[in-house]
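Spelled out, the chains give:
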Amino acid sequence: LGAGITGSIAVIVFACFGNTEGWMPGHPNNYFGWSFGLAVVGSVACIITAALFLTEANIQSKKRNRFKESQARFEMEHESKA
């Protein structure tokens with residue numbers, strides 16, 4: 001998630017200040033090209049991937065807890081014949 005957030009911040013900063021005079025040297029040569037578009041797509045994809053990963057981790061954690069509870073319940077209901 002950290003990479004997506006920092007990438008998004010970098011894209012936003014460059015989008016805000018990229019075309020202003022004096023922010024970067026060579027102002028006439030500063031323009032939004034295909035690499036800027038790829039940076040936007042990459043940042044959005046990274047945030048979506050992180051959100052899906054955290055969702056899956058939460059689901060797996062809940063499954064693991066339910067499995068542990070079901071195993072504990074099974075052991076408590078089991079009677080020994082000794």
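Rules of the game
Residues numbered from 1 in each chain as written. Predicted model: local features only at pLDDT ≥ 70, side-chain atom pairs only at ≥ 80, totals over all residues. Heavy atoms only, no water. Helix = DSSP H or I, 4+ residues; strand = E, 2+ residues; numbered from the N terminus. Buried < 20%, exposed > 50% of the residue type's maximum accessible area, 1.4 Å probe, protein only. Areas by Shrake-Rupley, 256 points an atom, 1.4 Å probe, with all protein chains shown as cover. UniProt positions renumbered as here; feature names shortened; annotations may be inferred. Contact = heavy atoms within 4.5 Å. Phe/Tyr/Trp six-rings, centres within 6.5 Å; stacked < 30°, edge-to-face > 60°. Expected span 1.5 Å × (residues − 1). Arc of directions from axis to C-beta.

## A short note on the overall build of the protein
Here is step 1: For the protein, the helix and strand inventory stands at 2 helices and 0 strands.
Here is step 2: For the protein, the residues scored as buried account for 10% of the 82 residues in total.
Here is step 3: Only carbon and sulfur atoms are counted for the fraction: they give 66% of the accessible area of the protein, which is about 6,800 Å².

## Description of the UniProt feature "transmembrane region" (unreviewed entry) in the protein
Here is step 1: UniProt annotation of "transmembrane region" (unreviewed entry) refers to residues 31-54 when read in the numbering used here.
Here is step 2: Its end C-alpha atoms 36 Å apart, residues 31-54 is made of 88% helix and 0% strand.

## Re the side chain of serine 43
Here is step 1: Within the fold, serine 43 resides in helix H2 (residues 34-77).
Here is step 2: Look at serine 43 and you get buried, because its relative accessible area is 10%.
Here is step 3: Not counting residues within four places of it along the chain, the set of residues in contact with serine 43 comprises Gly4, Gly7, Ser8 and Val11.

## Here we look at the packing of aromatic side chains
Here is step 1: Applying the stated criterion across every chain, the model contains 3 aromatic pairs.
Here is step 2: A centroid spacing of 5.7 Å and a plane angle of 70 degrees characterise the contact between phenylalanine 14 and phenylalanine 32, whose relative ring orientation is edge-to-face. Here the residue phenylalanine 14 occupies a position in helix H1 (residues 2-17), and phenylalanine 32 occupies one in the loop between H1 and H2, the gap between them amounting to 18 residues.
Here is step 3: When its relative accessible area of 36% is taken as the criterion, phenylalanine 32 is described as partly exposed.
Here is step 4: Counting every residue linked through ring pairs, the aromatic cluster contains Phe14, Phe32 and Phe36.

## A short note on H1
Here is step 1: Here H1 spans 22 Å end to end across 16 residues, near enough to the 22 Å set by a 1.5 Å rise per residue.
Here is step 2: When H1 is considered as a whole, its buried residues turn out to be Gly4, Ser8 and Val11. Looking down the long axis of H1, one finds its buried residues gathered within 65 degrees of arc, a one-sided arrangement. Facing away from the buried side of H1, by more than 90 degrees, are the exposed residues Ala3 and Thr6.

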